[in-house]
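Structure at a glance
Listed below, chain by chain, are the residues.
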Amino acid sequence: MPDLADGIARFQQDVFPAKADLFARLAAHHRPHTLFIGCSDARVVPELITQGEPGELFVIRTAGNLVPAYTPCANGVTASIEYAVAVLGVTDIVVCGHSACGAMTALAEGHDLSGAPVVADWLRHADAALARTAGLAAGPEKTGALVLQNVYAQLANLATHPSVAQALAERKVTLHGWVFDIATGHVEALDAPGTVTALAS
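In this report, the structure presented in the accompanying data block is examined. All of these numbers come straight from a predicted model, not from anything done at the bench. (Residues numbered from 1 in each chain as written. Predicted model: local features only at pLDDT ≥ 70, side-chain atom pairs only at ≥ 80, totals over all residues. Heavy atoms only, no water.)

Now for the packing of helix α4 (residues 76-87) against helix α9 (residues 162-169). Contact pair α4 / α9: the axes reach a minimum separation of 8 Å and the direction vectors enclose 30°. In terms of orientation, α4 lies roughly parallel with respect to α9. The two elements α4 and α9 meet at a crossing, and its hand is left-handed. Contacts from Ile81, Glu82, Val85 and Ala86 of α4 reach α9 at Ser163, Val164 and Ala167. (Axes fitted to C-alpha atoms, helices over the stretch in contact; angles between N-to-C directions. Helix = DSSP H or I, 4+ residues; strand = E, 2+ residues; numbered from the N terminus. Parallel < 35°, antiparallel > 145°, perpendicular 65-115°, else oblique. Left-handed = near helix turned anticlockwise from the far one by under 90°. Contact = heavy atoms within 4.5 Å.)

This is how it looks when you write it as structure tokens:
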């Protein structure tokens, strides 16, 4: 905790004054352009990866960057998606997976999650991705393939949400799949199933 307190002090002394005008505008206006759905992993920081300013990204972080398919039951992920799309009017949605993902590693290697039953239940939202990689032997190759397939699966789940489906039909929003490599800093865009493009060299 002392490190966090020191960080707050540095923010208030050095960072905030330099961005005071920006924060003054943000105090009255909240219009992010992108909904960024990423993993809860502490190594994956959307604002750092994109070098975005405060107010640009509306961020949802979940274990395994999982997006439950739509159901009428209220939950935090569904409510946040609806708010970003229907109220804030974001024009882009990114689902970002990453290398060395603990959730995908657990699935790829068949870890015993009996001691974490809620986690095990949550990871069922990756069942489609797991099925697509069923023929691969456990190991780094399967984990990498699962990370990739999981992004596609979560984009499909995302499109089941009525607010997203309507925005897609009206061409008001564009979906994007990304994979972030922690070791190199590279971000790859998943243009279509089986197609990967580096976003920057």
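Moving on to the packing of aromatic side chains. Each aromatic ring pair is summarised here by two numbers: the centre-to-centre distance and the angle between the ring planes. All chains considered together, the criterion is met by five aromatic pairs. Note on Phe16 and Phe23: the rings are 5.0 Å apart at their centroids and 25° apart in plane angle, and the pair reads as stacked. On the accessibility criterion, Phe16 (35% relative accessible area) is partly exposed. Relative to Trp178, the ring of Phe36 lies with its centre 6.0 Å away and its plane at 75°, an arrangement referred to as edge-to-face. With a gap of 142 residues between them, Phe36 in strand β1 (residues 34-39) and Trp178 in strand β4 (residues 174-180) connect regions that are remote in the sequence. The class for Phe36 is buried, based on a relative accessible area of 1%. The buried category is assigned to Trp178, whose relative accessible area is 17%. By way of ring pairs, the aromatic residues Phe11, Phe16 and Phe23 are connected into one cluster. (Phe/Tyr/Trp six-rings, centres within 6.5 Å; stacked < 30°, edge-to-face > 60°. Buried < 20%, exposed > 50% of the residue type's maximum accessible area, 1.4 Å probe, protein only.)

Now for the pairing of β1. Across the six residues that make up β1, a large majority, six, are buried. Across six bridges, the pairing between β1 and strand β2 (residues 57-62) is parallel. Each residue of the ladder has a partner; that of Leu35, found in β2, is Phe58. Bridge count for β1 against strand β3 (residues 92-98) is four bridges, and the pairing is parallel. Each bridged residue has a counterpart across the sheet, and for Phe36 the counterpart in β3 is Val94. (Pairing = 2+ DSSP bridges.)

Honestly, that's just the spatial picture; any functional story needs more than this.
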